[in-house]
Amino acid sequence: AAVALRGGAWRHDDGGDPGGLYAGATLRARVTEVTDGDTVAVALEDGHSERVRYIGVDTPESNPHEPIQCFGPEAKAANERLVGGRQVVLVVGAEARDDYGRLLAYVHRPATRGAGFFVNAALVRRGFARTLTIAPNDERAPLLRRLESAAGRAGRGLWGVCGT
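Residues numbered from 1 in each chain as written. Predicted model: local features only at pLDDT ≥ 70, side-chain atom pairs only at ≥ 80, totals over all residues. Heavy atoms only, no water.

(A) Examining the overall build of the chain more closely. Counting secondary structure elements, the chain contains 4 helices and 10 strands. Excluding contacts between residues fewer than 6 apart, the proportion of contacts in the chain whose partners are at least 24 apart in sequence is 55%. Element-wise, carbon and sulfur atoms account for 49% of the exposed surface of the chain, whose accessible area totals about 8,300 Å². (Helix = DSSP H or I, 4+ residues; strand = E, 2+ residues; numbered from the N terminus. Contact = heavy atoms within 4.5 Å. Areas by Shrake-Rupley, 256 points an atom, 1.4 Å probe, with all protein chains shown as cover.)

Have a look at this one:
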């Protein structure tokens, strides 16, 4: 039976939910496919697969079935360099799933030495993504807005190429 939690997040009491999904859950996974600049497929430690949409960011489209947007292929390539085939830590949002059933998460590369690496922020800071704030998944919005503003002022990435 599903149990509703705050912000529309949920988990299953019967063990059928991969990773014990709930708001704020921390899940370890390996990226198996980079779909585009803000979406990946992962294999969770428990063997379940998930599609993950990064919280707080939006990258230009690079899907060949849709019109490819300015800087979309570059955003996908940047995401591939950051997480392709790597171990990641997912922090599930207050709202755990989007309308397409994708897991909504902040994505981190675990620390090997020193601090870990916040992938969502790196994409914005380097100009591969814009911010996209959708409540209740807005905990990191102030940080991401500051990074977007700095990237725009510096003309990094899409800000210097796409006339945005």
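So much for the structure itself; the text now carries on.
(B) View of the environment of Ala 23. Mapping Ala 23 onto the fold places it in the loop between β2 (10–12) and β3 (26–36). As for Ala 23 and Glu 95, which are separated by 72 residues in sequence, their C-alpha atoms are 6.5 Å apart.

(C) Quick look at the environment of Glu 139. Looking at the secondary structure, you find Glu 139 in the loop between β10 (130–131) and α3 (141–154). The exposure class assigned to Glu 139 is exposed, which follows from its relative accessible area of 62%. Separated by 45 residues in sequence, Glu 139 and Ala 94 have C-alpha atoms that sit 8.8 Å apart. (Buried < 20%, exposed > 50% of the residue type's maximum accessible area, 1.4 Å probe, protein only.)

(D) Summary view of the nonpolar core. Judged by nonpolar contacts, the single largest core of 40 residues is most densely connected at Val 40, Val 42, Val 52, Tyr 54, Val 83, Leu 90 and Leu 123. Discounting chain neighbours no more than four positions away, the residues touching Val 40 are Val 31, Glu 33, Val 34, Thr 35, Glu 50, Arg 51, Val 52, Tyr 54, Asn 79 and Val 83. (Core = buried A, V, L, I, M, F, W, Y, C linked by side-chain atoms within 4.5 Å.)

(E) Representation of the state of the cysteines in the model. If you walk through the whole model with that rule in mind, you get 1 disulfide. Two residues, Cys 70 and Cys 162, share a disulfide whose sulfurs are 2.0 Å apart. Judged by the torsion about the S-S bond (-85 degrees), the Cys 70/Cys 162 disulfide is left-handed. In this pair, Cys 70 sits in the loop between β6 (57–58) and α1 (72–83) while Cys 162 sits in the segment after α4 (158–161), placing the two residues 92 residues apart along the sequence. Judged by relative accessible area, which is 38%, Cys 70 ranks as partly exposed. (Disulfide = S-S within 2.5 Å.)

(F) View of the side chain of Asp 98. Note that Asp 98 resides in the loop between β7 (87–97) and β8 (103–109). Polar side-chain contacts of Asp 98 include one of 2.9 Å to the backbone nitrogen of Tyr 100. There is a polar contact of 2.6 Å between the side chain of Asp 98 and the side chain of Arg 102. When neighbours within four sequence positions are excluded, Asp 98 is seen to be in contact with Arg 53 and Leu 104. (Polar contact = N/O pair within 3.5 Å; in protein donor to acceptor, adjacent residues only side chain to side chain.)

(G) Structural detail: the packing of aromatic side chains. Scanning the model with the defined rule gives 2 aromatic pairs in all. Summarising the aromatic geometry, the rings of Phe 71 and Phe 128 are spaced 5.5 Å apart at their centres and angled 25 degrees between planes, so their arrangement reads as stacked. One end of the pair, Phe 71, is in the loop between β6 and α1; the other, Phe 128, is in the loop between α2 (119–125) and β10, with 57 residues separating them in the sequence. For Phe 71, a relative accessible area of 12% gives the class buried. A relative accessible area of 13% means that Phe 128 is categorised as buried. Seen in terms of ring centroids, Tyr 106 and Phe 118 are 5.9 Å apart; in terms of plane orientation they differ by 65 degrees. Their pairing is edge-to-face. You can see Tyr 106 sitting in strand β8 and its partner Phe 118 sitting in strand β9 (residues 117–118), a full 12 residues away along the chain. Judged by its relative accessible area of 6%, Tyr 106 falls in the buried class. Owing to a relative accessible area of 13%, Phe 118 belongs among the buried residues under this scheme. Its guanidinium or amino end placed over the ring of Trp 159, Arg 130 lies 5.8 Å from that ring's centre, counting from NZ or CZ. (Phe/Tyr/Trp six-rings, centres within 6.5 Å; stacked < 30°, edge-to-face > 60°. Lys NZ or Arg CZ within 6 Å of the ring centre and 35° of its normal.)

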